[in-house]
Number of protein chains: 4
Amino acid sequence: MKAAAKSRTPLTVFDQLESEVRSYCRHFPVVFTKASGHTLWDRQGKAYLDFFAGAGALNYGHNPPGIKEKLIEYLRQDGITHSLDMATDAKETLLTRFRDVILAPRGLDYKVMFPGPTGTNAVESALKLARKVTGRTSVWSFTNGFHGMTIGSLSVTGNRRKRNGAGMPLSHAVSMPYDGYMGPDTDTARYLERLLEDEGSGVSLPAAMILETVQGEGGLHAASESWLRRIEALCRTHNILLIVDDVQAGCGRTGPFFSFETAGIRPDIVCLSKSIGGYGLPLALTLFKPELDIWGPGEHNGTFRGNNLGFVAAAEALRYWEDDGLRRVVEAKAAAVRAFLEHLVGAYPFLQGEVRGKGLMQGIAVKADGLAERICSRAFARGLIMETSGPDSEVVKVMPPLTIGEKELEQGLSILEESVKDCR
Amino acid sequence: MKAAAKSRTPLTVFDQLESEVRSYCRHFPVVFTKASGHTLWDRQGKAYLDFFAGAGALNYGHNPPGIKEKLIEYLRQDGITHSLDMATDAKETLLTRFRDVILAPRGLDYKVMFPGPTGTNAVESALKLARKVTGRTSVWSFTNGFHGMTIGSLSVTGNRRKRNGAGMPLSHAVSMPYDGYMGPDTDTARYLERLLEDEGSGVSLPAAMILETVQGEGGLHAASESWLRRIEALCRTHNILLIVDDVQAGCGRTGPFFSFETAGIRPDIVCLSKSIGGYGLPLALTLFKPELDIWGPGEHNGTFRGNNLGFVAAAEALRYWEDDGLRRVVEAKAAAVRAFLEHLVGAYPFLQGEVRGKGLMQGIAVKADGLAERICSRAFARGLIMETSGPDSEVVKVMPPLTIGEKELEQGLSILEESVKDCR
Amino acid sequence: MKAAAKSRTPLTVFDQLESEVRSYCRHFPVVFTKASGHTLWDRQGKAYLDFFAGAGALNYGHNPPGIKEKLIEYLRQDGITHSLDMATDAKETLLTRFRDVILAPRGLDYKVMFPGPTGTNAVESALKLARKVTGRTSVWSFTNGFHGMTIGSLSVTGNRRKRNGAGMPLSHAVSMPYDGYMGPDTDTARYLERLLEDEGSGVSLPAAMILETVQGEGGLHAASESWLRRIEALCRTHNILLIVDDVQAGCGRTGPFFSFETAGIRPDIVCLSKSIGGYGLPLALTLFKPELDIWGPGEHNGTFRGNNLGFVAAAEALRYWEDDGLRRVVEAKAAAVRAFLEHLVGAYPFLQGEVRGKGLMQGIAVKADGLAERICSRAFARGLIMETSGPDSEVVKVMPPLTIGEKELEQGLSILEESVKDCR
Amino acid sequence: MKAAAKSRTPLTVFDQLESEVRSYCRHFPVVFTKASGHTLWDRQGKAYLDFFAGAGALNYGHNPPGIKEKLIEYLRQDGITHSLDMATDAKETLLTRFRDVILAPRGLDYKVMFPGPTGTNAVESALKLARKVTGRTSVWSFTNGFHGMTIGSLSVTGNRRKRNGAGMPLSHAVSMPYDGYMGPDTDTARYLERLLEDEGSGVSLPAAMILETVQGEGGLHAASESWLRRIEALCRTHNILLIVDDVQAGCGRTGPFFSFETAGIRPDIVCLSKSIGGYGLPLALTLFKPELDIWGPGEHNGTFRGNNLGFVAAAEALRYWEDDGLRRVVEAKAAAVRAFLEHLVGAYPFLQGEVRGKGLMQGIAVKADGLAERICSRAFARGLIMETSGPDSEVVKVMPPLTIGEKELEQGLSILEESVKDCR
């Protein structure tokens, strides 16, 4: 009887007590209780296949058992949980392993900053450092970039609705056209070059440019490798720092650990968060070239920059990167997803679809208003969790855990196809 | 041999890999490995008494066993870890308990927002909401207030060095004199009133005022209850929203759950973080009156706003508030600390000391440059972890876990006295 | 008949064609055609006594004959009229005479900048220079200061209604309490000192402070000489530039040529306009210490910075300053005005009046809403032109030409008294 | 002897007393004493032909006799000189004639605002009004636009060096690519359209766009009529106000009274200054559609907004526009100039020249660094006053009075050719 009541109004508590700002629970209106790998279960015991992966925070799936054991062990032995930026065993292990597994093999020499446990902390610290190092105030961001909701990060975020949420003008950032923004025939990097060279452009020399190589929230636009190299070269020529926000596209989401590896660029500053925590635990890193490390002690801080459960999980998660196995797996699955999405676009012309993205963050941009949301809604009804991307929620986004089984990947894609059919 | 080497240079890894921004590890230059209640241990097994409490994030001490068991159990059963703002069992429990244990008994009717898992997220969301609701851009903050390191929060933070870290001008905030700022004879609330009433004051009507009732980082200045009521009344008269940042002073740090309860005021928006997580886990809440809840879905978001381990720990920690036991214990200990600090000031005139603060966030402001830091450094050598507060690090700050034993509290105060003597 | 029609609706053309922003013509709803000395005439031939002096631009009265002859002569001989910042005879004469008559005798060594022909140009250039010299962005202004309507000047202006006219937040300026703002018992200079010294004040070290010694538009508050010296000393201690906006209070309005002479201070930058043009012609000067003259050629410019009719008139007007005669006359008249205003306040308690101001810019602040405007309106009906001052138009302002005859001064004051009586 | 000394160091007084910001006197290092029509004379009696026209403020030449007589007469009869925004005879005449001669025949229905006597006052008032009307803060300006030196106008000005003069970040304006900025193949209006339509563009809906139809200071780029119509249409679609800054290009400089007439657009707001004063006297007008006239009385003001000598001269100057004679003359001369400049570019390939501009504001952009300045310097030596335009002073600018004789125009062009030859 009570269960029945709950079943009818599962979200009563949330409706009554939680702010209207809540969002995903409106698309997935059930109470989740359990999760493992690529599966979530709701209170009624119904299972859902996960093509969402915690918005990119769960690259290794839900609750991976190896990490889970480490966490329980750490809790059991009263490992220190909260340490601000005191030195702890757990942090030392993470730093050492990050150097040995990630930085050294790639010939990268970055200092590591713990800016607070969220992506926006990483972005805010990157922007502050870039301004401090260069003595300039302006930062160039790109159309449809997404970097976070605190005022510094929001200033470099493209989404108009989110920007309006600031309730005040956002300053010291200039939005530039991303690769392809003005169509295939216009080289947007050339436009940036012109603005920099022209003493009458009305645009100041910026401290930095900040970009995602694939725009996870902004519609899955992926920059070409040549464009990324053009941008890096422009930055070098004009002594502008290049910040890559790899919060969503990093940690293997596009194949390699860093999304920019294939382009052969070396950003001055890199922001990592989401899957760096390994287990969905709050964690973020800001990486930068040693010569930029002019911070004074405590000049940027935050209460939760020493989240040791996050350190433990992150260190364990780096084991995935001790060889290039995961990268190859991702690339193979990415090719399969690509092929399937191209098939959908071809087979269902009503979509007026365009395949976008890279690695295991791909999707289909569709034309009709609300169509992408309807498809995701149908998918949810069929037991598949997917979200949209893009300023008008116009992209159906396929973002499973990297570790999803091939069978489950296929299964999810089939559900997607069925959901597309539902919407014809 | 290896251990010996480690002992000589315990922080080599941090020195080499971590950014210069690291701070506490410079004051406490050991590697911590374990913690329980009011004790931390370093790698060599040395124990330290904790008068720091994770900068206020560990009101219930390190790794309280009841919460620990809940966390392990939740991990064991694959409770969902990362959920963004999807509905989960763990969140429902927290919401329900927060209403039943905290809000309802106090006659408070706040909506709860999960703005991301750190204090600065709570502050940023509070500022955004206040601006959105009022349509005004400016916010009044107070001298020596501290609200966080992201640009929105930093704009309302007083510390000049931290502000300079922004690398750009901070706008849309005006710093006002806190209670007592112009000496005991000047009523700063009257000044604010004049600025509001005078059509030529050069200061716009603000969206909100944001304040701490006790300034945890800014030197332990505590506002009088009458001043708080004056400020609230000013806000009511001019339709300004009152935001209380209870990130450090809340969760019982001054006695009652909310630090503002004794003043009898009802802020429009309240920011909670630090000890709300119960176990030192990243969590923050923004509370506001229901009529202010004009957020659109997802208008503010963040990857880690669904940190379910934090929900589990926070819900369990609320058990401390099911009766007024903890409050009474804190008030008793606070009185003891007050007496002891007054004794120190009297007994050691070289300190030129002034006792400040409230509850279990009290301290002594001392005159000589660097003296407070020397005292804390001596305390550390004697096995007591303490930090300073204030723009010139001029305050020795006593902030033990609320749950510290009476004996250990006395023991810590004795070490403090010895450390003071060391610095004569 | 037509004349009669005109007389009934004299402002039809203005009502139909001119923007609603027009203001004085609403208080003085006649069409003026002619003026001389302290008298204006309207189209019907009615004469008005001038206690307004072009808002301070007509210190030497309307159309002083000596200057008029120079202007006509200059026009006749085709002297160059418009020269930007090319060198002209007329400008050379002005520069030389300004040095010989004003600067040298006062031991002042200022470079002269022609920033464009209005007060706000002078202020904008002063602010730019101060920021450029110090490398700081923030400027401190004072409650009820008035400095102009362009965005830079408006940012340092106190009036809320005018500020709102910007249609956007005004940044990089902080409003500070002027002398006496918090009552006679609070030393506002001490507050500024505290903000500067306190590393947690939330206020950055400013590039400059800008102030008027008497606030012409903001209510005729006059700073004490000791307060001015305190402010100058604060500026020296903290390497802040002191800008005195002498646009209204300068050129003898308070007695000496510069209003700050009696205080014995030496501002780093001085803004002059209004009566510097001598004949009501657009002209402004920015003066600054030679070591601040780091402008690059043309870094600030403007089409009308070479208004040669203004140069001719200004040079001729400086003859008034070849001895201290005018100063002594002003001081004598100022004393008479003071005595009369004190009499009014005493004799008409319903005014609840307070005498304010200095020199020949004095007035009475009255309590009741709209009363000052009613008094001025009655005065106009009686043939006396006066305006109000203050954020609520609460001050009746007496500002005749410095050259007004004693008899006419008395006559005007009598009309003022009659007008006061009218409003009982 | 003394004369000889003067002749050797003519600018001593200026060097000693005037700020380093002085600029034109460095290019034309003589003291000018007299001017008439298209001729200036220096102190030594040397005559110069004027291809500069007071940077556009002297469209009718120096000291046109008809206006001169009116001015002398007005001075003689003690016409009111300085009136703020009181109603005067002189202003009434100007308003009436502006309506009858300019607005009515063109079917334009604008309210007239007197914002202060300089172009930057007109621009500042236009920007304020646009923000006030729309409630939006951001304004779009264009690469290489020039609108003035006060902070509001400077924010919408492209020149980097002038912008840096602000000493602080310039906000609330976004620089957009002008027509042709990205080469002939890229439609910059399409880029603007994309930014407006894309909800993720990172650019807010602006209050207004502000542009010059020909960029007088920014390099003589002229917008095509079709582009202007595209921009106007974009503004209409998105409810953005269109501001045309016709300060330099207006008053017949390109042929018609308003430079935008040929494109058939109807700006919402128009800024006029420079030659509107008729005689080089400071004057500016802001015109706007009646429905935008939501100013409150005095919400924008300024001491010299009632410069009656300017009104007298301006009213008289409008006689030039009582028929279309001047327009036809300008168009004929413009064609001659065009042909001559094209000839120069063809005949002197070392220039690598490009003819730019429109009407009697045309010029040649040359490639080599400093070449344009060398040509103008040679021209001055040969008795011709010309200046450069463009962010790198790369354009030789031909801008004679509109009233220049045909013979003198030819003569000036010949001197220009000789000067070009000098620089081979």
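This structure is a prediction, so every number in the text was calculated from the model and none was measured. (Residues numbered from 1 in each chain as written. Chains lettered and ligands numbered in written order. Predicted model: local features only at pLDDT ≥ 70, side-chain atom pairs only at ≥ 80, totals over all residues. Heavy atoms only, no water.)

(A) Expanded view of the packing of helix H6 (residues 89–103) of chain B against helix H12 (residues 308–317) of chain B. Residues and elements named next belong to chain B. Packing of H6 against H12 leaves a shortest axis separation of 8 Å and a crossing angle of 35°. Two packed elements cross with a definite hand, and for H6 against H12 that hand is left-handed. The segment H6 lies against H12, with Ala90, Lys91, Thr93, Leu94 and Arg97 engaging Asn308, Phe311, Val312, Ala314, Ala315 and Glu316. Each residue belonging to the contact of H6 with H12 can be placed in one class, and the counts come to six nonpolar, two polar and three charged. (Axes fitted to C-alpha atoms, helices over the stretch in contact; angles between N-to-C directions. Helix = DSSP H or I, 4+ residues; strand = E, 2+ residues; numbered from the N terminus. Left-handed = near helix turned anticlockwise from the far one by under 90°. Contact = heavy atoms within 4.5 Å. Nonpolar A, V, L, I, M, F, W, Y, C, P; charged D, E, K, R; others polar.)

(B) Quick look at the environment of Val174 of chain D. Residue and element names in this part refer to chain D. Counting through the fold element by element, Val174 comes out in strand E7 (residues 173–176). Along the backbone, Val174 and Pro282 are 108 residues apart, and their C-alpha atoms lie at a distance of 29 Å. Not counting residues up to four positions away in its chain, the partners in contact with Val174 are Ser138, Val139, Trp140 and Ser141.

(C) The interface of chain C and chain D, seen in detail. Counting from both sides, the interface comprises 104 residues of chain C and, opposite them, 105 residues of chain D. Taken together, both faces of the contact between chain C and chain D bury some 9400 Å²; the carbon and sulfur share is 60%. One can count 12 salt bridges joining chain C with chain D. Connecting chain C to chain D are 46 residue pairs in polar contact (both at pLDDT 80 or more). In this sheet, strand E1 (residues 31–36) of chain D lies alongside strand E4 (residues 87–88) of chain C in parallel orientation, the contact comprising two bridges. (Buried area = accessible area lost by both parts, 1.4 Å probe. Salt bridge = Lys/Arg side-chain N within 4 Å of Asp/Glu carboxyl O. Polar contact = N/O pair within 3.5 Å; in protein donor to acceptor, adjacent residues only side chain to side chain. Pairing = 2+ DSSP bridges.)

(D) The arrangement of the domain arrangement of chain A in detail. All names here are of chain A. The domain architecture assigned to chain A consists of domain 1 (2–63 + 324–422) and domain 2 (68–321). Contact residues are listed per partner, giving 31 residues for domain 1 and 31 residues for domain 2. Across the salt bridge formed by Glu217 and Lys397, the nearest N and O atoms sit 3.6 Å from each other. For the pair domain 1 and domain 2, the number of links is 19 residue pairs in polar contact (both at pLDDT 80 or more). Among the secondary structure elements, those contributing two or more residues to the side of domain 1 that touches domain 2 are helix H4 (53–56), helix H13 (325–347), strand E12 (354–358), strand E13 (361–365), strand E15 (387–389) and strand E16 (395–398). Among the elements that take part in the side of domain 1 that touches domain 2, H13 stands out by supplying four residues, more than any other. Among the residues making up the side of domain 1 that touches domain 2, the classes are represented as 15 nonpolar, 10 polar and six charged. (Domains from an automatic or database assignment.)

(E) A look at the pattern of salt bridges. Residue and element names in this part refer to chain D. Summed over all chains, the structure comprises 136 salt bridges over all chains. With a shortest N-O distance of 2.7 Å, Arg230 and Asp187 are connected by a salt bridge. Of this pair, Arg230 sits in helix H11 (residues 225–237) while Asp187 sits in the loop between E7 and helix H10 (188–197); the two residues are 43 residues apart in sequence, bridging distant segments of the chain. For Asp422, the salt bridge identified is with Arg382, shortest N-O distance 2.8 Å. Residue Asp422 is found in helix H15 (residues 406–422), and its partner Arg382 is found in the loop between helix H14 (371–381) and strand E14 (384–385); the two are separated by 40 residues along the sequence.

(F) Molecular detail of the sheet that holds E1 of chain D. In space, the five strands of this open sheet follow the order E4(C)-E1(D)-E2(D)-E3(D)-E14(D), with mixed pairing throughout. On the outer flanks of this sheet lie E4 of chain C together with E14 of chain D, each paired with one strand and no other.

(G) Expanded view of the relation of the copies chain C and chain D. Note on the identical chains: chain C maps onto chain D by a rotation of 180° and an axial translation of 0.0 Å, with an RMSD of 0.0 Å. On the angle and the small slide along the axis, the relation comes out as a two-fold axis. A share of 100% of the interface residues of chain C reappears at the interface of chain D, consistent with the copies meeting face to face through the same patch. (Least-squares fit on C-alpha atoms with pLDDT ≥ 70 in both.)

(H) Representation of the sheet that holds E13 of chain A in the model. All names here are of chain A. Here we have four strands laid out as an open sheet, ordered E12-E13-E16-E15, and antiparallel in their pairing. Each edge of the sheet is formed by a strand with only one pairing partner; in this case those strands are E12 and E15. In this sheet, adjacent strand axes meet at a mean angle of 35° when their direction is disregarded. Pairing of E13 with E16, which is carried by four bridges, proceeds in the antiparallel orientation. Opposite Gln362, over in E16, you have Val398 as the bridge partner.

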